[in-house]
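Results of the structural survey
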Amino acid sequence: MEVLVIGGSGQIGRELCHLLEEAGISFMAPDREEFDLENHKNVSRQIKKWHPDIVINTAGYRDAGHATNEPSRCFSINRDAVSNLARACALQNSALIQISSWRVFDGKKKEAYSEKDTPNPESVLGNAFWQGEQQIHQHCPKHIILRLSWIISEKGHNRVTRLLKSFEEEKLAGTCPNHKGCPTTAIDVARVLLGITQQISCGIDVWGTYHYNASETIDEYSLAEIVLAEASQYRDIQIETLPVDEKEDQLVINASLDGTKLKHTFGIKPRPWRSALAQLVRNYYQKDEQEEAV
Ligand SMILES: NC(=O)c1ccc[n+]([C@@H]2O[C@H](COP(=O)([O-])OP(=O)(O)OC[C@H]3O[C@@H](n4cnc5c(N)ncnc54)[C@H](OP(=O)(O)O)[C@@H]3O)[C@@H](O)[C@H]2O)c1
């Protein structure tokens, strides 16, 4: 089996490459210079040349705030490039595993979203993800779309590293008790992608859309309190109360997803995130100390 990973330098892609290597699965992970998703001709040419059994696309436009100011760029990556990739995969009979997001939903539902819920994206980013998904449905029958909630990692830009940096700089960003989601480590997502990949290679024929996030929903404000408590074990942080983002908090947004279908189909159970978060914060500060020692 030959796997092509797109976005191998990203939070999820990096962890996925480690796991594929550990599992002894042959893969390639070209960087953006060699494999720019927006270079449609080159993407089609390379997929034809490499002829991978499975393409895992972890690359994508992901900044919801910036997407509002540059919608064409967001659509170019998350819809048009994905459409081209889906066609290229179909031509070579390669399976496509594509990462998508909870943002295809409007976030107004009280419970976790299941695959049966109808998407109703309200943001540019959510719309681009949803239209990208539709392109895959249309052009590449052998596909898995994996929608995710909040991704966290010790490296890269995410809710937790943003908070940790803001504690250091004493420039606290407000968080919202009304925004809910499931913090899911990039390593955990990589584990899920590996499980799906292995089962596809065994001939399982269950194409479609799946949801995954770690177990236990939390609101953004409570998550910030937990991160602060963890960080206080490693640094002397003089913060008594965390600010609430009053402007953003007017809106209730639920980013949590129901992973039952994935569990029943692939036998992949959600993992809890709390102990992983503690490890993540530890690694974040240990990495700093190692860098200082060099
Ligand atoms: N983070 C979240 O909370 C979250 C939640 C749900 C879904 N997602 C989605 O999950 C996916 C992966 O997230 P992540 O956090 O791992 O992202 P990330 O850390 O920002 O990594 C993105 C990766 O995509 C690559 N990339 C970007 N544009 C590209 C292009 N035109 N051609 C080829 N490669 C390109 C980047 O390459 P460079 O290193 O060259 O920039 C990087 O390797 C994204 O689609 C994201 O929207 C994220």
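Everything numeric in this text was worked out from a predicted model, so none of it was measured.

In sheet architecture, strand pairing relies on hydrogen bonds along the backbone and comes in two forms, parallel and antiparallel. The strand order across the open sheet formed by six strands is β2-β1-β3-β4-β5-β9, and the pairing between neighbours is parallel. Sheet topology places β2 (26-28) and β9 (208-212) at the edges, where each strand pairs with a single neighbour. Across this sheet, the average inter-strand angle for adjacent strands is 20°, counted without regard to direction. By the bridge criterion, five bridges tie strand β5 (residues 143-148) to β9 in an arrangement that is parallel. Looking at β9, one finds that isoleucine 145 is bridged to threonine 209. Packed on one face of the sheet, helix α1 (residues 11-22) meets β1 (2-6), β2, β3 (54-57) and β5 and runs near 160° to β1. Relative to strand β4 (residues 95-101), helix α4 (residues 71-92) is tilted by about 160°, and along the sheet it contacts β1, β3 and β4.

With that out of the way, let us pick up the UniProt feature "domain: RmlD-like substrate binding" (unreviewed entry) in the chain. UniProt records the feature "domain: RmlD-like substrate binding" (unreviewed entry) at residues 1-284, using the numbering of this structure. Annotated as 44% helix and 15% strand, the span residues 1-284 places its first and last C-alpha atoms 35 Å apart.

This part takes up the packing of aromatic side chains. Aromatic ring pairs are defined here through the distance separating the ring centres and the angle between the ring planes. Throughout the structure, instances matching the rule amount to five aromatic pairs. A centroid spacing of 4.2 Å and a plane angle of 10° characterise the contact between phenylalanine 105 and tyrosine 113, whose relative ring orientation is stacked. Across the pair, exposure class does not vary: phenylalanine 105 and tyrosine 113 are buried alike. Ring geometry for tyrosine 284 and tyrosine 285: centres 5.2 Å apart, planes at 90°, overall edge-to-face. Members of the aromatic cluster, each reached through a chain of ring pairs, are Tyr234, Tyr284 and Tyr285. Sitting over the ring of tryptophan 150, arginine 159 keeps its end group 3.9 Å from the ring centre.

Criteria and cut-off values
Starting from 1, residues in each chain are numbered consecutively following that chain's sequence as written. Totals for whole chains, interfaces and linings use every residue, but because this is a predicted model, local features are given only for residues with pLDDT of at least 70 and side-chain atom pairs only at 80 or more, for both listing and counting. Values shown for side chains rest on all heavy atoms present in the structure; no hydrogens or waters enter the calculation. In this scheme, strands are said to pair when DSSP sees at least two bridges between them. Strands here mean DSSP runs of E at least two residues long; helices mean DSSP runs of H or I at least four residues long; both are numbered from the N terminus. Axis geometry follows a simple rule: fit a line to the C-alpha atoms, using only the stretch in contact for helices, then measure angles between N-to-C directions, giving values from 0 to 180 degrees. Residues are treated as being in contact if the distance between any of their heavy atoms lies within 4.5 Å. UniProt positions are given in the numbering used here, feature names are shortened, and annotations may be inferred rather than shown by experiment. By convention, a stacked pair of Phe, Tyr or Trp rings (six-membered ring in the case of Trp) has centres within 6.5 Å and planes under 30 degrees apart, an edge-to-face pair has planes over 60 apart, and any other such pair is tilted. Partly exposed residues are those whose accessible area sits between 20% and 50% of the maximum for their type, while under 20% is buried and over 50% is exposed, using a 1.4 Å probe and protein chains only. Only when the NZ of Lys or the CZ of Arg is both within 6 Å of the ring centre and within 35 degrees of the ring normal is a charge said to sit over the ring.

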